[in-house]
Structures are given as C-alpha cells and as structure tokens.
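Geometric and topological summary
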Amino acid sequence: MEPYKAAIPIQEALRRGEGKVTLRGWIHRKRVLKEKIFILLRDSTGVIQLVLPRDKFKDLEDLNLESALVVTGALVKEPRAPGGVEMHVESVDWVYRGEPYPINEDAVAADSEYLLDVRHLWIRSRKMQAVLKIRHTVFGAIHEYFRKNGFYEVHPPMFITAAVEGGATLFKVQYFDKIVYLTQSSQFYLEALIYGLEKVYTIAPSFRAEPSRTRRHLTEFWHAEMEIAWAGMEDAVLVGEGVISHVVEKVLDERQEELRLLGRRIEPLEKAKPPFYRVSYDEAVDILQKKGFKIGWGDDIGADEERALSQDFDKPIVLYGFPEKVKAFYHRNNPRRPEVTLSFDVLLPEGYGEVIGGGERIYQAEELIEKIKRFGLNPQDYWWYIDLRRYGSVPHSGFGLGVDRLTMWIVGADHIRDVVPFPRDVRRTAP
RNA sequence: GCCGCCGUAGCUCAGCCCGGUCAGAGCGGCGGGCUGUUAACCCGUAGGUCCCGGGUUCAAAUCCCGGCGGCGGCGCCA
C-alpha cells in the first residue's frame, strides 16, 4: 500500500490529540533550531505542528515551503503548539522536495498584484482555502433553496445569437463559419422554460465584454437566475430575500471557522433576515437630495449614490420602481403609473451595492414590440423572445443574482477577484 | 470610453521633488549559529537591462518626450 493511503485528516488528528498516526500534507511553515525542526503541516482540513529531532532528520532541514510530506508519529497534547496538539515524528514515509516557494509574507501583507500572477499557487493559502470553502457553501445553499421551493434547475445555452441587454457588451466567438456570442444572461431562455416548468432557476456563467475596472466587476461571473410564471414583481422580491437569507444562514451555520480565519464581522450577516428594507425609487431620490446629491427624478442611481443609500441601512435594501429609461426594455411598466417599471434591485449593506436585478417582464406581444422600438432596438433581433408572447403568455417575474458579489459581501472581501479562484477581468486571462 | 496613480533584486518597497559614493533595506535563497519555535531570531553571503526607446547634460533610476505594461475609480451592470 502506498504510504499516503494510511494518512488521516489533520483535523481528525487535532481532535484525537493522542496515539500513533500517519499524516500527509504540505509544509506551511518551517523553523529549524539547534536540536529540533518544527514544521507546520497543512492539508485541506487544517494545520498541525510536527516536531522532528534534528539529528535524526538532518536531510529534511533544507525542505522548502509547500514541499509535500507523509509522516508517521505520536500525537501529543502540547499547549506550546499552535492548535494545542503536535506530532512527534518517528518516520518520514514520503517526500516531494519543492523548489523555493515564490510567495512570501510581504506579498501577502501587501495583498499584492503578484498574488494574481501566481494565482495557481496562491489558491493553496489558508485564506483562499477559507474563501473557496465558503463559496462552495454559497453555491450549495442556492441550489438547496430553489429545489426546496419547487424550482426546476434548467440549463440554458452559453452560445447565443441575440443580446439580452443591448449588444455592445457581447463577446464574439468564431463558431464554425459564423460568429456567435457568449451569453450575458440566461433570462430569455428561462422565460421560455416557464411555460413548461413554471418555476425555473439556473446557476451559470455570464460573460460581459464591458471594460469595467471596479472592484465588483468581472468579465466572467456566476449568475444565479430564476423565473416564475403567474408572478408579479413582489413575488420575485420575496424569492430574492429568501435565497439571500438562506445562503447567509447556511454560511453562518457551517462556516464559522472560515469566517473567523478571514476576520469577518458576522453582525451584518446575522441581520440579513427578511423582510429587507423596501425603498421606492421616488423615496431614494428624496433621501439622496437631502444628503446633497445632485440627482433629479429620472436620473439613474450611480455607485456613489448607492453607497450613500446603503449607509443608512443595516441590512439589504430592495430598491424598486425605477423609471423606464434607466432599466432594460423587457421590464413591464406599471399599468397605474406608466413612467415607472415593475423592476427592483437588491443592494447589499456595507457599501457592497447591487447584487440582484430583476422584476416583472412584459407579457403582451404588442407592448413588448412597442417598447423594443421605443428603445431604438430591432424587433427582428428578438423574434423568438417576442414569439413567446404569442402562445398563452402569462404575467411572470424573475431576477439575476451575482453569486460572486454575494460571496464577496459574505466573506467581507475588498475585491470580487478575491472570491473567485481564477478571476477573469478586462486584462487578466491567465492563470 | 473618461479621470487619476504606478513600473528599482524572485517578492514587498526606499531612493526620484533638489541630477554627482544611489545600486539600497526587509523577506526569500545559500552558509553558519541558536534551550520549544509561533510570519522564530542572530551573523555572514550571493542576487539588479533601476519597464523600453529617444532627448537634455560633463554626468540620468532621478529632468523632458514617446511607447509598452500594470493598478484604482467612474460610466455600465450582477
């Protein structure tokens, strides 16, 4: 049997605190003293201190960080050891000698750009481990919420031929002898799928060729989208509150250790329970004007305004009822007040901003065609989307949730790149 | 697309303003030391196309022009 097959997880070793066991992992830290070598060994479950008599393991003292090891020895409870338990190593059963590891504490402390250049290595760090474990829980909790609430998971295409939002932000792809695009939202496909399944959701990548240079934009991001038949805007808002609060609850329940390692304050997370604050666009304009912003009714709410708004609230805000011209063409106008749409955004607190955009869709063909024209677009480009309105159309609503943005807020990251293993932005496509 | 900032050792940075012992520090590497270390510590040592090109000058990392690369913010959005 290969020696590494006998190993137990480090977390399990820390729990036992005694007995002879085999461990495997990577060298997280190493300190060589006159008579002893201390090694902090890391695996996916934790970190434990190894103690090796220097005379017996002379050939190991020059091991570089991140070298891989399989060791056997006795576990001992030891207050001087980080974590309270250490292993007195008796034999080293397997070694892979790594070259000098290029990431050091200076680069980490500076949160350097370099960490993105060596991202393929940096994802080994305890910080990235913690973030990626939380990300795993976030995705799982989204699936869990939708499935428990009667939604079917569906899988729309990534190659498309018509824009959802307009057209300027699509990535072109050579597709045999023609050009197609990468999807920027699965919404239109979800709208088609409700006529069979009524309540549908998907978690899929969306691609946007926007040259955005901000801490909350990527060119490739994970989009959790849902659509429900026989539903108005308020129904979609309830689902949005439901899924966010469920995800947060799940992370608080399962990822306390990771949140602690990341130094995340959990009070703001604990407050994210429904109902979120409801603020109409009209009220928001009032609030902002009183704060001294130069904003008139009909203007869009920019990033600074969004941040200022969220400062007044200690949990997520549902901003609703935007003017027609600041939202995409497919939003249904309020029949009682046609100048505003039945649209909403969910804003995260602490300055994190928009995480959900959604609302009720136009369900009548004529109204849709008219609005497409009013927006200066060509109805022919949306032929099948319009066609959906010709055969038993019903009121329906949905939203798109930025999963990376949600994760960013949950872990308290400064940049959306910090929560994605291999982020893609306007310039970075490798590693 | 618009505005601002940056580029010096493998990594993090100082030096630039006011040109002339300015080729520097810490980490990492290598060599040695050290009574159990907690990002260990101490001593020694190797390591650089000062982003590239041009200009000014007796003299340029430093000043000027152009280019390339990177970062942050806005707009747009999730």
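The text that follows walks through the structure, step by step, so that each part is easy to find. (Residues numbered from 1 in each chain as written. Chains lettered and ligands numbered in written order. Predicted model: local features only at pLDDT ≥ 70, side-chain atom pairs only at ≥ 80, totals over all residues. Heavy atoms only, no water.)

**Regarding the protein's contact with RNA strand B**
RNA strand B sits among 52 residues. The nearest are E86, R208, R215, V355 and R405. Protein-adjacent atoms of RNA strand B, using a 4 Å cutoff, are sugar or phosphate at a proportion of 53%. In the environment of RNA strand B, a phosphate oxygen lies 2.8 Å from a nitrogen or oxygen atom belonging to the side chain of E113. Contact between RNA strand B and V355: a sugar or linking oxygen at 2.3 Å from a main-chain N or O atom of the residue. For the surface near RNA strand B, the secondary-structure elements that each account for two or more residues are strand 1 (19–32), strand 2 (36–42), strand 5 (85–96), helix 2 (105–109), strand 11 (220–229), helix 11 (303–311), strand 17 (353–360) and strand 18 (396–402). With four residues, strand 17 is the single largest residue contributor to the surface near RNA strand B. (Near = heavy atom within 4 Å. Polar contact = N/O pair within 3.5 Å; in protein donor to acceptor, adjacent residues only side chain to side chain. Helix = DSSP H or I, 4+ residues; strand = E, 2+ residues; numbered from the N terminus.)

**Focus: empty space enclosed by the protein**
As enumerated under the stated definition, the model contains two cavities of 30 Å³ or more in all. By volume, the largest cavity amounts to about 50 Å³. Contributing to the lining of the largest cavity are R208, E210, S212, H217, L218, T219, D425 and V426. Lining the second largest cavity are R216, L348, Y352, G353, E354, V355, R405 and M408. (1 Å grid on protein atoms, 1.4 Å probe; cavity = no way out; pocket = protein on both sides within 12 Å on 5 of 7 lines; lining within 4 Å. Points joined across faces, edges and corners; volume = space filled by probe spheres on them.)

**Let's talk about the sheet that holds strand 10 (residues 199–207)**
As summarised here, the arrangement of the eight strands in space is 6-10-11-18-17-16-13-12, forming an open sheet in which the pairing is mixed. Looking at the sheet topology across the chains shown, the edges are occupied by strand 6 (152–153) and strand 12 (277–280). Helix-sheet contacts for helix 11 involve strand 13 (317–320), strand 16 (343–348) and strand 17, and the interaxial angle to strand 13 is about 130°. (Pairing = 2+ DSSP bridges. Contact = heavy atoms within 4.5 Å. Axes fitted to C-alpha atoms, helices over the stretch in contact; angles between N-to-C directions.)

**Quick notes on the packing of helix 5 (residues 126–148) against helix 7 (residues 233–254)**
At a minimum axis distance of 9 Å, the contact between helix 5 and helix 7 shows a crossing angle of 135°. The angle between helix 5 and helix 7 falls in the class oblique. Judged by the sense of rotation from one axis to the other, the crossing of helix 5 with helix 7 is right-handed. From helix 5, I134, T137, V138, A141, I142, E144, Y145 and F146 reach across to helix 7, where they touch L238, V239, G242, V243, H246, V247, K250, V251 and E254. Its residues placed into classes, the contact of helix 5 with helix 7 shows 11 nonpolar, three polar and three charged. (Parallel < 35°, antiparallel > 145°, perpendicular 65-115°, else oblique. Left-handed = near helix turned anticlockwise from the far one by under 90°. Nonpolar A, V, L, I, M, F, W, Y, C, P; charged D, E, K, R; others polar.)

These figures capture arrangement, not role.
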